[in-house]
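What the coordinates show
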Amino acid sequence: MLVSKDENIKTSSVYVASLILKNIQRQKVDKISIFELSKDLKKHNITRYRHLFFGLAFLYSSGIIDFKEPFIYVRKQK
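Residues numbered from 1 in each chain as written. Predicted model: local features only at pLDDT ≥ 70, side-chain atom pairs only at ≥ 80, totals over all residues. Heavy atoms only, no water.

This next bit is on the nonpolar core. Ile20, Leu37, Leu41, Leu52, Leu56 and Ile72 are the most contacted members of the largest nonpolar core, which totals 14 residues. Of all the secondary structure elements, the ones that give two or more residues to this core are α1 (13-27), α2 (34-42) and α3 (49-61). Top contributing element to this core by residue count: α1, with five residues. Ignoring any residue separated from it by four or fewer positions in sequence, one finds Leu56 in contact with Ile20, Ile34, Leu37, Ile65, Phe67 and Ile72. (Core = buried A, V, L, I, M, F, W, Y, C linked by side-chain atoms within 4.5 Å. Buried < 20%, exposed > 50% of the residue type's maximum accessible area, 1.4 Å probe, protein only. Helix = DSSP H or I, 4+ residues; strand = E, 2+ residues; numbered from the N terminus. Contact = heavy atoms within 4.5 Å.)

Spelled out as structure tokens, the structure:
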């Protein structure tokens, strides 16, 4: 289950993943530093690393992003 009825939707992995993608799209870049991402998520009251981790894990398992320290890369669609 992606979102539980008992979970706060604003901290769910799907919502955090959407914020991450919106940030990358807004900056019009293919890669972003995890530090920049964390800073931007604080504006949306995402302050715990757990929420960031699960959002990134969701995107990675979906095949949308890839990692190369300390950057997050958006995978090119074929």
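Right, picking up where we left off after that structure.
The next point concerns the confidence of the model for the chain. A low pLDDT score tells you not to read the predicted coordinates there in detail. Overall, the predicted model of the chain reaches an average pLDDT of 87, with 92% of residues at or above 70. Mean pLDDT per element in the chain: strand β2 (residues 65-68) is the minimum at 88, and α2 is the maximum at 92. (pLDDT = per-residue confidence, 0-100.)

The next point concerns a nonpolar patch on the surface. A surface patch of nonpolar side chains, about 400 Å² in accessible area, is lined by Tyr49, Phe53 and Phe54. One can find Phe53 in helix α3. Look at Phe53 and you get exposed, because its relative accessible area is 51%. (Patch = residues over 30% accessible without salt bridge, like charges linked within 9 Å, V, L, I, M, F, W, Y side chains within 5 Å. Areas by Shrake-Rupley, 256 points an atom, 1.4 Å probe, with all protein chains shown as cover. Salt bridge = Lys/Arg side-chain N within 4 Å of Asp/Glu carboxyl O.)

Tracing the chain through its elements places Asn23 in helix α1. A relative accessible area of 1% places Asn23 in the buried class. Discounting chain neighbours no more than four positions away, the residues touching Asn23 are Ile32, Glu36, Leu37 and Asp40.

On to unusual backbone geometry. Although it is not a glycine, Lys28 sits at a positive phi angle of roughly 55°. Examined against the element boundaries, Lys28 turns out to sit in the loop between α1 and β1 (31-33). Owing to a relative accessible area of 76%, Lys28 belongs among the exposed residues under this scheme. Even without glycine at this site, Asn45 takes up a positive phi of about 60°.

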